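Below, each chain spelled out in residue letters.
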Amino acid sequence: MSSNKKESTSEPRVGVYICHCGGNISDHVDVEQVAENIRKIPGVVVSHTNTFMCSDPGQELIQEDIKSGKINRVVVASCAPSLHELTFRNAIKRADMNPYLYDHANIREQDSWVHHGDPATAKATTLVAAAVAKTKRLEPLDPIRVDARNHVIVIGGGMAGLRAALDLSSRGIAVSLIEKSPFLGGQAANLDKLVPTEASAGDLIKQLAQAAVEDPNIQISTCSQIVGFEGYVGNFKVTVQTHPPDADTRRQIIRGITSDKSQVGKMIPFVGYFPSAVPTSEQTRIIDTGVIVFATGFKTYTPRQGEFGFGDFPEVITLPMFIRHMAQAAANDKHLSFNGKKIRRVAMIHCVGSRQIPGIHEADENDYMNEYCSRTCCSATLRAAMEIRENFPKTQVLDFYRDIRTYGRGQEDYYDRASESNVLFFRYEPEDSPLVEKNSSGDFPLKISVKDTLTFGEEIEADVDLIILSVGMEPNPITGLVDMMKLPVGSDRFLQEVHPKLRPVELANTGILLAGTCQAPMDISETCNAAQAAAVKASALLGKGYVELDPFVAGVDLAACSGTGACVDVCPVDAVKLKPVKINGEEVERAEVNPAICTGCGVCVAECPHNAIDVKGWTLKQYEDMVDAIVAA
Amino acid sequence: MSRELHFDTLVVGGGIAGLQTALDLADQNYQVAVIEKDATIGGKMIRLSKVFPTLDCASCITTPKMAASAHHENITLFTYCNLKSLDRDSPESVTATVTQKPRYVDPDKCIGCRQCEYGCPVYVPDEEQGNFNLRKAVHIPFSNAIPQIAVLDMENCSLCGKCARVCPTDAIDYFEQPEDFIIHAKTAVLATGFELTPIDQKPEYNGGKVQNLITSMEMERLLAPHGPYMRVIRPSDGKEPDSIAYVQCAGSRDKTLNVPYCSRVCCMYAIKQAMLLSGALPLADITIYYMDIRAFGKGYEQFYQNAKAMGIEFVKGKIAKIEQADNQYVSLRYEAQEDGGRVVEREHDLVVLSLGMVPGWTPQGVCQVSCDTDRFIKSSMPQIAPTVTDMEGVFVAGVAAGPKDIVDTIAEAGAAAMEASKYMTALGKQKAA
Amino acid sequence: MSDKKKQADKEAMKILRQQRKQSIDRVRGAIKSQNKDIKSIKDALKDGGKTVPEITAATKMPSSRVMVFVATLKKYGMVAEGPKDGDYFKYELIDA
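Residues numbered from 1 in each chain as written. Chains lettered and ligands numbered in written order. Predicted model: local features only at pLDDT ≥ 70, side-chain atom pairs only at ≥ 80, totals over all residues. Heavy atoms only, no water.

Participant: Break down the overall build of chain C for me, with residues and values.
Facilitator: Helices and strands together make up the secondary structure of chain C, namely four helices and two strands. Along its sequence from the N terminus, chain C presents helices and strands in the succession α-α-α-α-β-β. Whereas a compact globule of 96 residues would reach a radius of gyration of roughly 12 Å, chain C reaches 19 Å, over 25% beyond that. For chain C, the C-alpha atoms occupy an extent of roughly 60 × 30 × 20 Å along the three principal directions. Of the side chains in chain C, 22 bear a positive and 13 a negative charge, and the two mean positions are spaced by 9 Å. (Helix = DSSP H or I, 4+ residues; strand = E, 2+ residues; numbered from the N terminus. Rg over C-alpha atoms; globule rule 2.2 N^0.38 Å. Lys, Arg positive; Asp, Glu negative; His and termini not counted. Charge placed at Lys NZ, Arg CZ, Asp CG, Glu CD.)

Participant: Explain the interface of chain A and chain B to me, and be specific about the residues and the numbers.
Facilitator: Each side of the interface is counted separately: chain A has 76 residues, and chain B has 82 residues. Joining chain A to chain B, the criterion identifies 14 salt bridges. Between A:Asp167 and B:Lys422 there is a salt bridge; the shortest N-O distance is 2.6 Å. At the surface where chain A touches chain B, the tally comes to 42 residue pairs in polar contact (both at pLDDT 80 or more). Elements that contribute at least two residues to the side of chain A that touches chain B include exactly α3 (56-67), α4 (81-94), α7 (159-170), α8 (201-214), α13 (412-420) and α15 (524-543) of chain A. If you tally residues by element for the side of chain A that touches chain B, the top one is α15(A), at twelve residues. Residues that form the side of chain A that touches chain B fall into these classes: 33 nonpolar, 20 polar and 23 charged. (Contact = heavy atoms within 4.5 Å. Salt bridge = Lys/Arg side-chain N within 4 Å of Asp/Glu carboxyl O. Polar contact = N/O pair within 3.5 Å; in protein donor to acceptor, adjacent residues only side chain to side chain. Nonpolar A, V, L, I, M, F, W, Y, C, P; charged D, E, K, R; others polar.)

Participant: Which residues make up the packing of helix α3 (residues 52-59) of chain C against helix α4 (residues 63-75) of chain C, and what values go with them?
Facilitator: All names here are of chain C. Between α3 and α4, whose axes approach to 9 Å, the crossing angle comes to 115°. Relative to α4, the element α3 is oriented roughly perpendicular. Crossing geometry of α3 relative to α4 is assigned as right-handed. Facing Val52, Ile55, Thr56 and Thr59 of α3, the residues of α4 in contact are Ser63, Val66, Met67 and Val70. Looking at side-chain class alone, the contact of α3 with α4 contains five nonpolar, three polar and no charged residues. (Axes fitted to C-alpha atoms, helices over the stretch in contact; angles between N-to-C directions. Parallel < 35°, antiparallel > 145°, perpendicular 65-115°, else oblique. Left-handed = near helix turned anticlockwise from the far one by under 90°.)

Participant: Got a sec to walk through the domain arrangement of chain A? Specific residues and values, please.
Facilitator: Splitting chain A by domain gives domain 1 (2-142), domain 2 (151-297 + 476-547), domain 3 (307-472) and domain 4 (553-615). The C-alpha centroid of domain 4 of chain A is placed 39 Å from the C-alpha centroid of domain 2 of chain A. (Domains from an automatic or database assignment.)

Participant: Tell me about the pattern of salt bridges, and please be specific about residues and values.
Facilitator: Counted by the stated rule, this structure contains 79 salt bridges over all chains. Across the pair A:Arg427 and B:Asp292 runs a salt bridge whose closest N-O atoms are separated by 3.8 Å. Remark: B:Asp292 occurs in the loop between β18 (285-290) and α7 (300-309) and A:Arg427 occurs in strand β21 (residues 424-427); the pair is interchain, linking two chains. Residue classification places B:Asp292 among the buried residues on the basis of a relative accessible area of 3%. In this structure, C:Glu54 and C:Lys90 form a salt bridge, with 3.3 Å as the shortest nitrogen-oxygen distance. (Buried < 20%, exposed > 50% of the residue type's maximum accessible area, 1.4 Å probe, protein only.)

Participant: Could you give an account of the interface of chain B and chain C, naming the residues involved and the relevant values?
Facilitator: Much of the literature gives interface size as the accessible area that the parts lose upon coming together. Each partner contributes residues to the interface: chain B has 38 residues there, and chain C has 34 residues. Carbon and sulfur atoms supply 55% of the area that chain B and chain C bury against each other, a total of about 2900 Å² over both sides. Our count for the contact surface shared by chain B and chain C stands at six salt bridges. As a salt-bridge pair, B:Glu155 and C:Arg20 come within 3.6 Å of each other at their nearest N and O atoms. Counting across the chain B and chain C interface gives 15 residue pairs in polar contact (both at pLDDT 80 or more). Contributions of two or more residues to the side of chain B that touches chain C are made by α3 (115-119) and β10 (134-136) of chain B. Looking at the side of chain B that touches chain C, the element that brings in the most residues is β10(B), giving three residues. (Buried area = accessible area lost by both parts, 1.4 Å probe.)

Participant: Which residues make up the nonpolar core, and what values do they have?
Facilitator: Membership of the largest hydrophobic core comes to 108 residues, with the highest contact counts inside it found for A:Val152, A:Ile226, A:Phe294, A:Met485 and A:Leu495. Broken down by element, the residue count for this core peaks at nine residues, all from α15(A). The residues contacting A:Leu495, other than those within four sequence positions of it, are A:Phe294, A:Ile478, A:Val482, A:Leu487, A:Pro488, A:Val489, A:Leu507, A:Leu514, A:Cys518, A:Gln519 and B:Lys298. By size, the runner-up hydrophobic cluster in this structure holds 84 residues, among which are B:Ile271, B:Leu276, B:Phe303 and C:Tyr91. (Core = buried A, V, L, I, M, F, W, Y, C linked by side-chain atoms within 4.5 Å.)

Participant: Report on the arrangement of the chains, specifying residues and quantitative values.
Facilitator: No other pair of the two pairs of chains in contact has as many contacts as chains A and B. In this assembly chain A lies apart from chain C, the nearest approach of their C-alpha atoms being 15 Å.

Participant: How would you summarise the pairing of strand β31 (residues 586-593) of chain A if you had to cite specific residues and measurements?
Facilitator: Residues and elements named next belong to chain A. Relative to β31, strand β30 (residues 576-583) runs antiparallel, the two sharing eight bridges. By the bridge assignment, Leu578 is partnered in β31 with Ala591. Hairpin connection of β30 to β31: two residues between the antiparallel strands, including Asn584 at a positive phi of 50°. (Pairing = 2+ DSSP bridges.)

Participant: Explain the confidence of the model for chain C residue by residue, including any values.
Facilitator: On average, chain C scores 94 in pLDDT, and the residues at 70 or more come to 97%. Mean pLDDT in chain C bottoms out at helix α1 (residues 3-19) of chain C, which sits at 90, and peaks at α3(C), which reaches 98. (pLDDT = per-residue confidence, 0-100.)

Participant: Summarise the packing of helix α11 (residues 319-328) of chain A against helix α12 (residues 377-391) of chain A; cite the residues concerned and give the values.
Facilitator: Residue and element names in this part refer to chain A. The N-to-C vectors of α11 and α12 enclose an angle of 35°; their axes lie 11 Å apart at closest approach. In the crossing of α11 with α12, the sense of the turn from one axis to the other is left-handed. Where α11 abuts α12, its residues Leu319, Phe322 and Met326 lie against Ala380, Thr381, Ala384, Glu387 and Ile388. For the contact of α11 with α12, the per-class residue count stands at six nonpolar, one polar and one charged.

Participant: Give me the lowdown on helix α8 (residues 406-432) of chain B, citing residues and values where you can.
Facilitator: All names here are of chain B. With 27 residues, α8 ought to run about 39 Å at 1.5 Å a step, and its terminal C-alpha atoms sit 39 Å apart, in line with that. The element α8 is largely enclosed, with a buried count of 20 among its 27 residues. Capping the start of α8, Asp405 holds a side-chain oxygen 3.2 Å from the backbone nitrogen of Val407, two or three residues further along. (Expected span 1.5 Å × (residues − 1).)

Participant: Lay out α4(C) in plain terms, naming residues and giving numbers.
Facilitator: Relative to the 18 Å expected for 13 residues at 1.5 Å per residue, α4(C) spans 18 Å between its end C-alpha atoms, a close match to the ideal helical length. All buried positions along α4(C) are accounted for by C:Ser63, C:Val66, C:Met67, C:Val68, C:Phe69, C:Val70, C:Ala71, C:Thr72 and C:Leu73. Elements that come into contact with the buried residues of α4(C) comprise β9 (123-125) and β10 of chain B together with α2 (21-45), α3, β1 (79-85) and β2 (88-93) of chain C. Two residues or fewer past α4(C), C:Gly77 is found with a positive phi of approximately 75°.

Participant: Explain unusual backbone geometry to me, using residue names and the numbers behind them.
Facilitator: Look at the link from A:Val195 to A:Pro196: it is a cis peptide, with omega at 0°. Relative to the elements of secondary structure, A:Pro196 occurs in the loop between β7 (174-178) and α8. Residues B:Phe52 and B:Pro53 are joined by a peptide bond in cis, for which omega reads -10°. Mapped onto the secondary structure, B:Pro53 falls in the loop between β4 (50-51) and β5 (56-57). Of note in this structure, A:Cys223 is not a glycine but carries a positive phi near 50°. Here A:Cys223 is to be found in the loop between β8 (218-221) and β9 (224-232). For A:Cys223, a relative accessible area of 3% puts it in the buried group. The backbone of B:Asn258 sits at a positive phi, close to 60°, despite the residue not being glycine. Looking at the element boundaries, B:Asn258 is found in the loop between β17 (243-250) and α6 (266-280).

Below, the structure is given as structure tokens:
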């Protein structure tokens, strides 16, 4: 059927555009030589190089050749198509040519970054030749347009989730906010005063949570989890299960709440904002949505048993534990007290569960290591140190750090003030981390020793009453969701964006966005920025009322199909069905593809005994020609 | 009468923050005007070599966003323009007076052929290349500038008339005058970026006036694909350096320069440059003198550890004195923390000052938005809505609101676009009601 | 373009040159010294490629100024980078 199309009767005239990538490619590949080699291939009418094909002058080069009628097929040889395929498709579209009459050869990631010299040039020639061969067989395609639901599911009711939900609602998009606990506010509820404004985290949570509760456009489901997922951007179907918290969770989470109902609408310190009474019965429902925003947040690192004495000595606690203690401590004494004991000297240790180095630090039981910096702990630690010094002037503070990372606006000031208020700083190398031991003599329970690089490697030993560990962030365990939705996860176990600068809040799964600390450690400001950036992407995506999907989906050749149903059996996403049709007056069954669901995986193509099904833009014939070109090269 | 134009949002600044804001608004079908003081959009980012932590070339990431903005049907770019005033007249409207500086080249006629540039007899230090080489008095700023339109530098023009004679489209106009025009919009976003900390007042560094003592931005140019030398050599005499050093916190965390804050990017760009240098000059020794390494972003700490593993030397110590040594070497004096605290003097072929960031623009006398004590634009809700300022419907994005790297800038640009679109949605609702 | 208009333009140019006389004189001075420096660098390269210190010795110009001009001549296609000699690259004249 497609063989009669007008475009394929006009002889393909291929334009080939090879990018230097400012040396990234041309330092290793002789791009002029590649252009020369390719020029000899029949059907290639132009073969150009440019320092940056993706730049405006580069794109114009292609557009001029299209507009002048010189070419009707385009091959760009540059970086990975994931970076700039869309850039070039748009450029071609602006020149009034079908953007799918174009193929992309990756000669950077697959060539110049891994090969050098003549072999790199030879491989580039081969890759481009294969792309040219494929391009000659390309046919014009149109993107698949599907209606999009003006609705977003936000997973997680912490700061990121609340911020995103409110923003989306303000733009007229209905939101379902799904939170697994009975509370809103997430980990921010475990903070007290915030750097650098000294604003109360509880107040900020209350401000956002209350607005969300009062917003008729936001439907909040606490005690809820996502248990099922299907569909595609614009039309996801998400199964949400709500269940009453079990007695244990109730006891554990709802600290201090005597009656659910009386606490509704209140911010409970160090617990969260309580938006509604907990459900009393289990309920499952399906929500149709256009976009999903992940705001699943983080959890704090739990030190291993014995790590800096944690678990061995009751006087070793984490920073979140200490912050909660301080919030409740009365400031009417010259000494801080803890567990009824006077604290004369406290040691704070940075980078616990962050910046771990293979070979120096131990991996956890799952063989994981937190090699990243958790970004927020330095300022939080210094803030706590300052608070001790200001409220309890007789309590000494020793601070053990690797690098002080008070990078943010107003944060350096805390570092200065901590030094001025006589917090004593000791700097350690990771291989000489502080050692915490029980004090056998004297009246201090613990002693801490370290090789201090600030005093040029002097061995320092100090008696202390309390040790506070500045624990880092880890992504919340969401392996269930990750497996269900097949989400990309980085080696740091945080969700992995497509590209940190080009598409920073998008996952490779179209229509699933990222907000906040599920992506990387961030403070509240950065989290809110990220959430708003995700919201703006969702708003742009849903604003048109429809979404356009790539047309690389399976298509059935009805003349060849005999209705074996082999394709139906193997399709992993149920995109193919057998439909009754009349052929020559006879009622038969033939395969039919739902292009919105089809992911273009090609399993059906491999299975069909009659070659009656093919993926558009990636046909068997195109592959054959590519292989021929590679073999011939 | 001045020309009057109407848009939904005025974005001030065409760097990565402004462009991302404009794109995020335009994709939601708002009409956006971007005004940019330079002759090209792209801001500081397009002038960089590669960017951390992915080591993508800066052009690979910036040029597509520049091109997307230039071609977006909802975005209009105004380059080589200064913002004269920005006032809110009512909740529905801000009015900006914008001065179009004379390019002395008609943008509608210029086809970017560079004939004028080749013909021009005047050589002028090229500020786009750290003044390491010369450009012509009439020129296109750089090869991937947008728009590709020449600009004539009247201060350095002898009015010889050569460019006008060779121009095939008769685009040169020596008589052009600055021209004001008015932009009316509902909202504005300030994305005015940064400049490097000036260090001419720093006697310990000899005011920066030491041969082969260069700024980090100048090193970006030496490393960039279209750099002044197309390789890294000493500016004083073309020697390929054997030893290169970085002075961290040069112009940050320094109260004597009135820059007490951390500039957030210098540790990472120094590490990045060190990595690129060790690729370009495998035999060179590269040393980074630092106080604290602040590699806090996603993947940054791992980047830092990789640099250490590559053999880049990290020395803890604040540089106390920078002086010229013999043979155009640069001498650094510091207290070596890991060496018993003795005062050490070391000489390097080439020394880079890792300069910090100061605001690129001040609202003083232009618009009524407040700045913080750090002189960057103040956020009214720094935690839950960092891009909201104290001027109604005027938002801030990127380094204009304090130092930040490209990743954080792009996120904040999205946030500013969200705030601006929310503001306009609310206006629409009020109107409908 | 009519002769009348051409004449008017010429007049206007005259006035503009008058107004900008000071800066024009300064620029003309700069062109002169720059052309002299370029010529002496080119002369120094006539008998073969040289490094920047060698050009400096031959021209008696400050080496940083030599470097700037060599970089510029290279950019505009009048000089090419040649082989390395110790730590320095030699620069060669391109036949014009």
